[in-house]
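Here are the chains, one letter per residue:
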Amino acid sequence: MNIKKMLLIFMLLDFGFIGLVLMTSNSQFKNKRSTASDSNGATQTSDLTEGQKNKWALVETFQFQMTPDWIYFTTDKLQTICDTSTLIELKFSAQNIAIAGVQPSIKHIYSCDEIKKDLSTKTLSTNISDFKKVRTEKVMILVGSELRSSQLYSDEELPNDWRLTDIKISGPSTFTINEFEIEKTLLKHFDFEIISAR
Amino acid sequence: MKVLITFDLKSTRILLFAIGIGLLSLLVSCGNNFGLKIGDQDVYAFGSEEPCNFITSNGFRVSWKSDPPVNIIITSSVPSEYDSEILKAADIWNSVKGQQLVHIYRDNSFKNDPGYDKVNAIYWMPDWDTDLSNQQARTSVRWDSSKLQDADIRINAKNFTFFKEGDESTAGKVHLQSLVLHELGHAVGLVHIEETASVMQAYLKSQTIRNKPGAVDTSSLSCEY
């Protein structure tokens, strides 16, 4: 066999191999981006599993609001969540700061028993004053909920920039919704600013 | 079958071209290996970097990126007898990468308290939070868009005493060089690493010398520097 023919066959096989590699890598990439935005900014959920679709539908109901005195987290599904859960934990993380390699955070943990006392309750609220106070108090037991701080120190200022980063539902049905999932579903983060005097 | 092997210039060029395309395709396929997992607990997160034991923000490692050396001041609060230990700790990190990653110098004229002033500094703290009396030191870092902007190291001089190389009495004391080495790790962006070979383990026992970065420290550092 002529060496040129051998090389031509090698080239054809080579291109075939390239095609296969590109097809495989592209299909993997498509799967990875199964929830990415399309050109109109709308999110596609067609490739999600049933559980993921349920989670997506839940996150779509989330609303976040802040007033000078309160932080409000609202969802129409609050009572439904509490039907199968015992605790709802909102984790707020300080942005752009880490102490000993960990971002300071404040958790507000709500009891479902308390939430279910009033079936019209759709909103979880956090008092800004309590939010500031927990820097020094570390743990604050409130009516039907408690606040806990981590990596916040009395000799350091309370960070200004915060984000609702995790929503943990605990009980027979336990799962967590993270900041990336909130961003992908709602195309925004739940960011807020706390102006504090030490 | 007769096989004719003649390596003329044209054949060699075609062969090299084919090999080149093959290698290129291999690189393309490797380049798409983003660390992504899809599951009910992590539905939409994709494209984030491997943490490599670094602080992460929005899925990206936080470091000084391409800006080393990190300049750090020894403030006037720190007893000068410990300068050599602090400088040695910096040298250890520098030798890990074979480049100047950290540059430390004393500046007694610097009077700021710890805070976000974009001045990296080491402070000797005579007061410490009562609830955290077992904390030997603490490093706070602040960043902007995953690039570090400020690092402050506080050393707990209220609840701990320290020893340095050559000291005879070490009982109940903390090896300052090892402690500062750990805190400088945080200052360049590392988190705690719970491996026995790491200098980034969370707690340093008194009288223990832990001043040799392990393989995990070196490989972690190499992700960013």
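Residues numbered from 1 in each chain as written. Chains lettered and ligands numbered in written order. Predicted model: local features only at pLDDT ≥ 70, side-chain atom pairs only at ≥ 80, totals over all residues. Heavy atoms only, no water.

Caption draft 1: Structural context of empty space enclosed by the protein. All names here are of chain A. Scanning the entire structure with this criterion turns up one cavity of 30 Å³ or more. Approximately 30 Å³ is the volume attributed to the largest cavity. Lining of the largest cavity is provided by Ile 97, Ile 99, Pro 104, Arg 135, Gln 151, Leu 152, Tyr 153, Glu 156, Glu 157, Leu 158 and Pro 159. Here the residues of the lining of the largest cavity sort into seven nonpolar, one polar and three charged. (1 Å grid on protein atoms, 1.4 Å probe; cavity = no way out; pocket = protein on both sides within 12 Å on 5 of 7 lines; lining within 4 Å. Points joined across faces, edges and corners; volume = space filled by probe spheres on them. Nonpolar A, V, L, I, M, F, W, Y, C, P; charged D, E, K, R; others polar.)

Caption draft 2: View of the layout of surface pockets. When its volume is computed, the second largest pocket comes out at roughly 410 Å³. Along the wall of the second largest pocket there are 24 residues; nearest its centre are Asp 155 of chain A together with Asp 113, Pro 114, Gly 115 and Arg 154 of chain B. Within the residue set of the lining of the second largest pocket, elements represented by two or more residues are strand 5 (121–125), strand 6 (137–144) and strand 7 (147–156) of chain B. Its residues assigned to classes, the lining of the second largest pocket comprises eight nonpolar, six polar and ten charged. (Helix = DSSP H or I, 4+ residues; strand = E, 2+ residues; numbered from the N terminus.)

Caption draft 3: Looking closely at the confidence of the model for chain B. Chain-level pLDDT for chain B is 86 on average; 80% of the residues reach the 70-or-more range. Counting contacts from residues 28–40 of chain B, a segment whose pLDDT is below 50, to residues more than four positions away or on other chains yields 25 contacts. (pLDDT = per-residue confidence, 0-100. Contact = heavy atoms within 4.5 Å.)

Caption draft 4: The arrangement of the sheet that holds strand 2 (residues 70–74) of chain A in detail. All names here are of chain A. Strand order in the open sheet formed by three strands is 1-2-6, and the pairing between neighbours is antiparallel. Each edge of the open sheet carries a strand with a single partner, namely strand 1 (63–66) and strand 6 (123–127). Here the average twist between neighbouring strands, direction ignored, is 15 degrees. In this sheet, strand 6 lies alongside strand 2 in antiparallel orientation, the contact comprising five bridges. Bridge pairing links Tyr 72 to Ser 125 in strand 6. Along the sheet, helix 5 (residues 128–137) makes contact with strand 1, strand 2 and strand 6, crossing strand 6 at roughly 55 degrees. (Pairing = 2+ DSSP bridges. Axes fitted to C-alpha atoms, helices over the stretch in contact; angles between N-to-C directions.)

Caption draft 5: Inspection of the pairing of strand 3 (residues 87–94) of chain A at higher detail. Residue and element names in this part refer to chain A. Burial within strand 3 is extensive, with six of its eight residues counted as buried. In this structure, strand 3 lies alongside strand 5 (residues 105–111), joined through seven bridges in antiparallel fashion. Residue pairing across strands places Leu 87 opposite Ser 111, the latter belonging to strand 5. Taken together, the eight bridges between strand 3 and strand 9 (residues 161–170) define a ladder with antiparallel strand orientation. Each bridged residue has a counterpart across the sheet, and for Leu 87 the counterpart in strand 9 is Ser 170. (Buried < 20%, exposed > 50% of the residue type's maximum accessible area, 1.4 Å probe, protein only.)

Caption draft 6: Main features of the packing of aromatic side chains. All told, the structure shown has eleven aromatic pairs over all chains when counted by the stated rule. Put simply, the rings of Phe 64, Phe 92, Phe 131, Trp 162, Phe 190 and Phe 192 of chain A touch in pairs and so form one group of aromatic residues. Across the ring face of Tyr 153 of chain A, the terminal group of Arg 138 of chain B is positioned such that the distance to the ring centre comes to 3.8 Å. Lying across the ring of Trp 128 of chain B, Arg 138 of chain B places its NZ or CZ 5.1 Å from the centre. (Phe/Tyr/Trp six-rings, centres within 6.5 Å; stacked < 30°, edge-to-face > 60°. Lys NZ or Arg CZ within 6 Å of the ring centre and 35° of its normal.)

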